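# Per-entry structural report
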4 protein chains.
Amino acid sequence: MKKTTLLINCPDKKGIIATVTNFILAKKGNTVYIEQHVDRELGEFFMRLECEFDQDEEKLKLFKESFDKEVALNYNMHWELYNAEKKPKMALFVSKYDHCLYDILSRHASGELYAKIPIIISNHLDLKPIADNFNIPFRHIPVNRENKEQAEAAQLALLKEHKVNFIVLARYMQILSSNFVNHFPNKIINIHHSFLPAFPGAKPYHSAYKRGVKIIGATSHYVTSDLDEGPIIEQEIVRVSHIHNVQDFILKGRDLEKIVLSRAIKYHIERKVLVYSNKTVIFS
Amino acid sequence: MKKTTLLINCPDKKGIIATVTNFILAKKGNTVYIEQHVDRELGEFFMRLECEFDQDEEKLKLFKESFDKEVALNYNMHWELYNAEKKPKMALFVSKYDHCLYDILSRHASGELYAKIPIIISNHLDLKPIADNFNIPFRHIPVNRENKEQAEAAQLALLKEHKVNFIVLARYMQILSSNFVNHFPNKIINIHHSFLPAFPGAKPYHSAYKRGVKIIGATSHYVTSDLDEGPIIEQEIVRVSHIHNVQDFILKGRDLEKIVLSRAIKYHIERKVLVYSNKTVIFS
Amino acid sequence: MKKTTLLINCPDKKGIIATVTNFILAKKGNTVYIEQHVDRELGEFFMRLECEFDQDEEKLKLFKESFDKEVALNYNMHWELYNAEKKPKMALFVSKYDHCLYDILSRHASGELYAKIPIIISNHLDLKPIADNFNIPFRHIPVNRENKEQAEAAQLALLKEHKVNFIVLARYMQILSSNFVNHFPNKIINIHHSFLPAFPGAKPYHSAYKRGVKIIGATSHYVTSDLDEGPIIEQEIVRVSHIHNVQDFILKGRDLEKIVLSRAIKYHIERKVLVYSNKTVIFS
Amino acid sequence: MKKTTLLINCPDKKGIIATVTNFILAKKGNTVYIEQHVDRELGEFFMRLECEFDQDEEKLKLFKESFDKEVALNYNMHWELYNAEKKPKMALFVSKYDHCLYDILSRHASGELYAKIPIIISNHLDLKPIADNFNIPFRHIPVNRENKEQAEAAQLALLKEHKVNFIVLARYMQILSSNFVNHFPNKIINIHHSFLPAFPGAKPYHSAYKRGVKIIGATSHYVTSDLDEGPIIEQEIVRVSHIHNVQDFILKGRDLEKIVLSRAIKYHIERKVLVYSNKTVIFS
């Protein structure tokens, strides 16, 4: 039995659920779980469907073709079909902060993340020992104002070589070019250390401290060419008070960053995220 | 267009979703929203479905009959169909604490609760002025060890007279008899002022204080004949510390109780709760 | 025994605590509780001290004079002394939204707020029935572009007449002039329906919805002449998801607003707030 | 300047703060930060005081002696004085679960925990590779029904050899004997994977799932001879719903366990915990 995940969005219309579930039934599939959402303001329909087929790869290909012709075209669907048993490949981009890297690698080592990590890329050498301890290949690609274009070309080549499906910026302190981002649309997950849209840009903990907020946050989002403006995947917060200084904010924030980033990674791995209109639908 | 809510649970089986959505389509209904859950351990299927019909009451009755024959019987379904536009009638039971009563009545006055409140019943007269201010009928039925049976009979008569659909115990400090509870299975909502199953019974804030917990909670659940053992609808918590004494716990707890009880009431009103195996499925 | 609350801030220096506690001891006072904070960045010392005196009003006046001469001047202190048993007088400003008004009035009626409410002022008549039900005087002072100056003069006269100590803007939908604000520095508490500094200004729930945030918030702050920029007293948040539309945000936000505003009011009433450098120290 | 932390508790009485701060001033010390609490029910006074001395070790010893004679005896104080710059030594006890171990070791490697880890002790060999990666000595001491007494003797010998100050049970799946516990009173930190006092004992996630709770928790507490009954240091919770099965509870719980345990460890390291009457005062 092949476990398959089907993600669909299309303009809202009568009968979509019945049509899709009937089609799957007709192809000898079993719909195990369905989750659906309609954005009434935008008139858009979203669905995530887990189903099981007792078919081999060959027949699944035929299924895809006929689904496109018989269903998707009629409803003007954007759709994706995933083999739920195939582990996606994620690359980690890091700089000098180690807490998110430790967190991701130890979760991976514990079997908590259903993904492969073929490569860690960094503009610094500081975290190489950690990668080594966890036996993950580490590549040092320095980045500066002059070599940025070349550096990104080298990164893209590496990602291609390792057939990377998506990228996690685990406190990678560089801004990616639009060109780079366009190679991985809604496939680059960043962690920003503030409760966006409050405190975008650099040094958000310092700004939060200065403003005297009583709660700080962290935000994981897909990277777009607009800095810190991409679709938000997950956010979390923690209380602070006047007794905490910037260093305390940073320390408390580290735990937030780890939690929020790891949740976002899991949603992505489990194909629970649909992006539309610069927002995310997160299926449960 | 009649907005209708259909709640279903039955043993899990292939094809339920397709069957139900097809049936609705065939009856000229439009499935607007579907939410589904399968408890794999128990092998039970749950579904909440919002649909729209352009039918009058008469035809809806026929729909019910044919749904029963053509669908429900085959799957051994337990199902309920609600007219989503009809306000359910809730009775409030109170004693002397006023915070939950104020909260519910002011939410009701603000139009936040889609329900009617035909009657408030209390074993004390203390809260009558509040009921009067909000123009809700108030009935004083004293309860003591001797008259309990008669008092409950009087309460049941009142509830019948007002065609009450469900009961909210808004800090009603009396234990209801099994006989009473059996008249309203999964229709009596209680608020218990602890994070159940911790601190059941009387004086939970005192027990929590004595144990030195760092978090206190409140729990809303359906009343069963086992005290504080009914299916949990909603829980919420708030942090406490060594600086808080029992009075502080009680004060902080009041806000919890209000929030948790009002959420549970809303879930119930919007038919988002399915009870099974002494647990609740809460649709979103 | 007179319960007294002493609030102090001054440049940080050696020996402040010993000096102050010795002085109180010398005046036959008993320091019951002390809480202290030092902002190292700004080099500022903050202290809240609860003490008990068995003195009459006359002697307390002498205490104040000698404290000023013998202690405060040496340390360049800003200090305030409150009779902890005297209820402060708060005025409520409202417009059309009723949830915060209901919440404050029912807390007040339950004895939860240690304050008097001599007057409710509104630019609309909508909420008068609620004030009437709770037996609080209600004054209607319409405000428009033309009469704003006069309206504020009338408000100030009323506040003076009722010897109001502080003002609560319970979703009062008008911007106060700098002149008005200057009459009540750090004495006007506002509730803003977003997680400031995110989404200042009008329609924050709409903006939050549009941005696709996963958490919304509310912020209570003192009003300054810079809109939504005053010192933050309290913030709280609640999770939202793609299933919630703007109306859901507004409804969820109402509970936040009530909780956050009532907490801020309590901190203020209990003299637990010290404002410095556009931030608040909130003693516990 | 020697940074020193003074922890005091004693029966509540007039003048304690003035006496202690005066004494420190007289000994040329500077009280930097003071935090205080009175448990009115028990009539007990608690204080944590950070002060700075420009004295060498020798003189600090004399300070201790005179503090005992001149202050502590009069007030019947229980008190402890710590050199705040000296790192305490903590031993980790683990079994097979790796998430808490990874979390503690990566925090330690990042410099987040101000402590030394001279030894990791385990009844299994599974986690040795992790200890090796982080270069922490690992000792395997198998435990079974027959050898328990000997095993604990071996553990105690190791702890003595390494001059261990406190022990962290990082999901160590063995119950320690009263004899062992008595060697480290309020010095053994455990993480229990439920919101105590709910679900003590084994398999709390299974019990929580069965009961249908909407929130799960984790609790860190000092180990006493009563299982899961020791003084609670910290608790945290996370929401669950009907869609989560026991495996989801366990996975969500792991993040809780890490956060809660690491917070408890930090409080302990920073001498912010005072135990009294089977409860904790946690200074901020």
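Note that the structure is predicted; figures quoted are calculated from it, not measured. (Residues numbered from 1 in each chain as written. Chains lettered and ligands numbered in written order. Predicted model: local features only at pLDDT ≥ 70, side-chain atom pairs only at ≥ 80, totals over all residues. Heavy atoms only, no water.)

## Points about the overall build of chain A
Where we set the bar: A helix here means a DSSP run of H or I that spans at least four residues, while a strand means a run of E at least two residues long, and both kinds are numbered starting from the N terminus. The globule rule used for comparison is 2.2 Å times the number of residues to the exponent 0.38, while the radius of gyration itself is calculated over C-alpha atoms. Burial classification: accessible surface area is computed with a 1.4 Å probe over protein chains only, and a residue below 20% of its type maximum counts as buried, one above 50% as exposed, and the rest as partly exposed. Working rule for contacts: check all heavy atoms of both residues, and any pair within 4.5 Å makes them a contact. Accessible areas in this description were obtained via Shrake-Rupley with a 1.4 Å probe; residue shielding takes into account the shown protein chains only. We count Lys and Arg on the positive side and Asp and Glu on the negative side, and we leave His and both chain ends out. Charge placement uses NZ in Lys and CZ in Arg. For Asp and Glu, CG and CD serve respectively.
In terms of regular secondary structure, chain A is built from 8 helices and 13 strands. Relative to the 2.2 N^0.38 estimate, which gives 19 Å for 284 residues, the radius of gyration of chain A is 21 Å and therefore close to what a compact globule would have. If one aligns the C-alpha atoms of chain A with their principal axes, the spans along those axes are about 60 × 40 × 35 Å. Of all 284 residues assigned to chain A, the portion counted as buried reaches 59%. When contacts within chain A are restricted to residue pairs at least 6 apart in sequence, those whose partners lie at least 24 apart make up 67%. Element-wise, carbon and sulfur atoms account for 49% of the exposed surface of chain A, whose accessible area totals about 12000 Å². Between the centroid of the 39 positive side chains of chain A and the centroid of its 34 negative side chains there is a distance of 2 Å.

## Brief notes about the relation of the copies chain D and chain C
Condition: Superposition of the copies was done by least squares, using only C-alpha atoms of residues whose pLDDT is at least 70 in both.
Placing chain D over chain C gives an RMSD of 0.0 Å and needs a rotation angle of 180 degrees, together with 0.0 Å of translation along the axis. What we have between these two chains is a two-fold relation. When the interface residues of chain D are mapped onto chain C, 100% of them are again interface residues, pointing to one common binding face.

## A closer look at the environment of A:Leu49
Residues and elements named next belong to chain A. Along the chain, the position of Leu49 falls in strand 3 (residues 44–53). For Leu49, a relative accessible area of 0% corresponds to the buried category. C-alpha separation for the pair Leu49 and Gln36, spaced 13 residues apart in sequence, amounts to 8.4 Å. The residues contacting Leu49, other than those within four sequence positions of it, are Thr4, Thr5, Leu6, Val20, Ile24, Thr31, Tyr33 and Ile34.

## Some words on the sheet that holds strand 2 (residues 30–39) of chain C
Residues and elements named next belong to chain C. Spelled out, the test is: A pair of strands is treated as paired once DSSP finds two or more bridges between them. In this description, a line fitted to the C-alpha atoms serves as the axis of each element, helices being fitted only across the stretch in contact, and the angle between N-to-C directions of two axes falls anywhere from 0 to 180 degrees.
With antiparallel pairing, 4 strands are arranged side by side in an open sheet as 2-3-1-4. The strands lining the two open edges of the sheet, one partner per strand, are strand 2 and strand 4 (78–83). Looking at each pair of strands side by side, their axes are set apart by 10 degrees on average, direction ignored. Where strand 2 lies against strand 3 (residues 44–53), 9 bridges are found, and the strand directions are antiparallel. Counted as the bridge partner of Asp39 is Glu44 from strand 3. Strand contacts of helix 1 (residues 16–26): strand 1 (2–11), strand 2 and strand 3, with the helix running at about 20 degrees to strand 3, the strand carrying the most contacts.

## Regarding the sheet that holds strand 11 (residues 232–239) of chain D
All names here are of chain D. With respect to topology, 7 strands assemble into an open sheet ordered 7-6-5-8-9-10-11, the strand pairing being mixed. Of all strands in the sheet, those bounded by a partner on one side alone are strand 7 (138–140) and strand 11. Sheet twist, expressed as the average angle between the axes of neighbouring strands with direction ignored, equals 20 degrees.

## Some remarks on the pattern of salt bridges
Close approach of charged atoms allows side chains of opposite charge to pair. The following threshold applies: In the sections that follow, a salt bridge refers to a side-chain nitrogen of Lys or Arg positioned within 4 Å of a carboxyl oxygen of Asp or Glu.
With the rule as written, the count across this model stands at 60 salt bridges over all chains. Among the charged side chains, a network of salt bridges with common partners joins A:Asp103, A:Arg107, A:Glu112, A:Lys266, D:Arg254, D:Asp255 and D:Lys258.

## Description of the interface of chain D and chain C
Stated formally: In short, buried area is how much 1.4 Å probe accessible area vanishes from two parts on joining, totalled over both. In the analysis that follows, any N or O atom pair within 3.5 Å is treated as a polar contact, provided that within protein one partner can donate a hydrogen and the other can accept it, and provided that, for residues neighboring in sequence, both atoms belong to side chains. Side-chain classes follow a simple rule in which Ala, Val, Leu, Ile, Met, Phe, Trp, Tyr, Cys and Pro form the nonpolar group, Asp, Glu, Lys and Arg form the charged group, and the remainder, Gly included, forms the polar group.
Of the residues lining the interface, 16 residues belong to chain D; the matching set on chain C comes to 16 residues. Roughly 1400 Å² of surface becomes buried between chain D and chain C when both sides are summed, with 57% attributable to carbon and sulfur atoms. Looking only at chain D, the three residues that lose the most surface to chain C are D:Lys14, D:Ile34 and D:Gln36, adding up to 30% of its buried area. Counting every contact that joins chain D to chain C gives 0 salt bridges. Our count for the contact surface shared by chain D and chain C stands at 5 residue pairs in polar contact (both at pLDDT 80 or more). Ranked by residues supplied to the side of chain D that touches chain C, first place goes to strand 2 (residues 30–39) of chain D with 8 residues. Among the residues making up the side of chain D that touches chain C, the classes are represented as 7 nonpolar, 7 polar and 2 charged.

## Considerations on the interface of chain B and chain D
Note on interface size: it is often stated as the accessible area lost on association of the parts. Contacts between the two partners involve 35 residues from chain B and, on the opposite side, 34 residues from chain D. With both chains or domains summed, chain B and chain D bury close to 2900 Å², and 53% of this area falls on carbon and sulfur atoms. When residues of chain B are sorted by the area they lose upon contact with chain D, B:Arg211, B:Lys214 and B:His242 head the list and together hold 26% of the total. At the junction of chain B with chain D, the criterion picks out 4 salt bridges. Where the side of chain B that touches chain D is concerned, the elements lending two or more residues are strand 2 (30–39), helix 7 (204–211), strand 11 (232–239) and strand 13 (279–282) of chain B.

## Considerations on the confidence of the model for chain A
Defined as follows: The pLDDT value expresses, per residue, how confident the predictor is, ranging between 0 and 100.
Averaged over chain A, the pLDDT score is 95; the fraction of residues at 70 or greater is 99%. What the predictor reports for the complex is a pTM of 0.96 with an ipTM of 0.95.

## Description of the relation of the copies chain B and chain D
The two copies are related by a screw motion: chain B maps onto chain D through a turn of 180 degrees and a shift of 0.0 Å along the axis, at an RMSD of 0.0 Å. Looking at the interface residues of chain B, 97% of them are also at the interface in chain D, so both copies use one shared face.

## Concerning unusual backbone geometry
Glycine aside, the phi torsion of most residues is negative, and most peptide linkages are trans. Note the cis peptide between A:Leu196 and A:Pro197, where omega equals 10 degrees. Position of A:Pro197 among the secondary structure elements: in the loop between strand 9 (188–192) and helix 7 (204–211). Of note in this structure, A:Asn76 is not a glycine but carries a positive phi near 55 degrees. Phi angles above zero are rare outside glycine, and C:Arg271 is one such case at about 50 degrees. Relative to the assigned elements, C:Arg271 resides in the loop between helix 8 (246–269) and strand 12 (273–276).

## A word on the domain arrangement of chain A
All names here are of chain A. Using the following cut-off: As annotated, the domain borders come from an automatic or database domain assignment.
For chain A, the domain assignment lists domain 1 (2–83) and domain 2 (90–282). Computed from C-alpha coordinates alone, the two centres of domain 1 and domain 2 are separated by 31 Å. Taken together, the contacts link 12 residues of domain 1 with 9 residues of domain 2. Of the roughly 960 Å² buried where domain 1 meets domain 2, counting both sides, 64% is carbon and sulfur surface. Counting across the domain 1 and domain 2 interface gives 0 salt bridges. For the pair domain 1 and domain 2, the interface holds 3 residue pairs in polar contact (both at pLDDT 80 or more). If you list the elements that add at least two residues to the side of domain 1 that touches domain 2, you get strand 1 (2–11), strand 3 and strand 4 (78–83). Its residues assigned to classes, the side of domain 1 that touches domain 2 comprises 6 nonpolar, 4 polar and 2 charged.

## Re a positive patch on the surface
Residue and element names in this part refer to chain A. Convention followed: Each patch is built from salt-bridge-free residues with over 30% relative accessible area, joining like charges within 9 Å and nonpolar side chains (Val, Leu, Ile, Met, Phe, Trp, Tyr) within 5 Å.
Taken together, the side chains of Lys64, Lys86, Lys87, Lys116 and Lys163 make up a positively charged region of the molecular surface. Tracing the backbone through its elements, the reader meets Lys116 in strand 6 (residues 116–122). By relative accessible area, Lys116 is classed as partly exposed at 46%.

## Concerning the packing of helix 1 of chain C against helix 1 (residues 16–26) of chain D
Our working definition: Should an angle lie under 35 degrees it is considered roughly parallel, over 145 roughly antiparallel, and from 65 to 115 roughly perpendicular; all remaining angles are considered oblique. By convention the crossing between two helices is left-handed if the near helix lies anticlockwise of the far one by an angle smaller than a right angle, and right-handed if it lies clockwise.
Their axes nearest at 9 Å, the elements helix 1 of chain C and helix 1 of chain D cross at an angle of 135 degrees. Comparing their axes, helix 1 of chain D and helix 1 of chain C come out oblique. Judged by the sense of rotation from one axis to the other, the crossing of helix 1 of chain C with helix 1 of chain D is left-handed. Between helix 1 of chain C and helix 1 of chain D, the contacting residues are C:Ile17, C:Ala18, C:Thr21, C:Asn22 and C:Leu25 on the first element and D:Ile17, D:Ala18, D:Thr21, D:Asn22 and D:Leu25 on the second.

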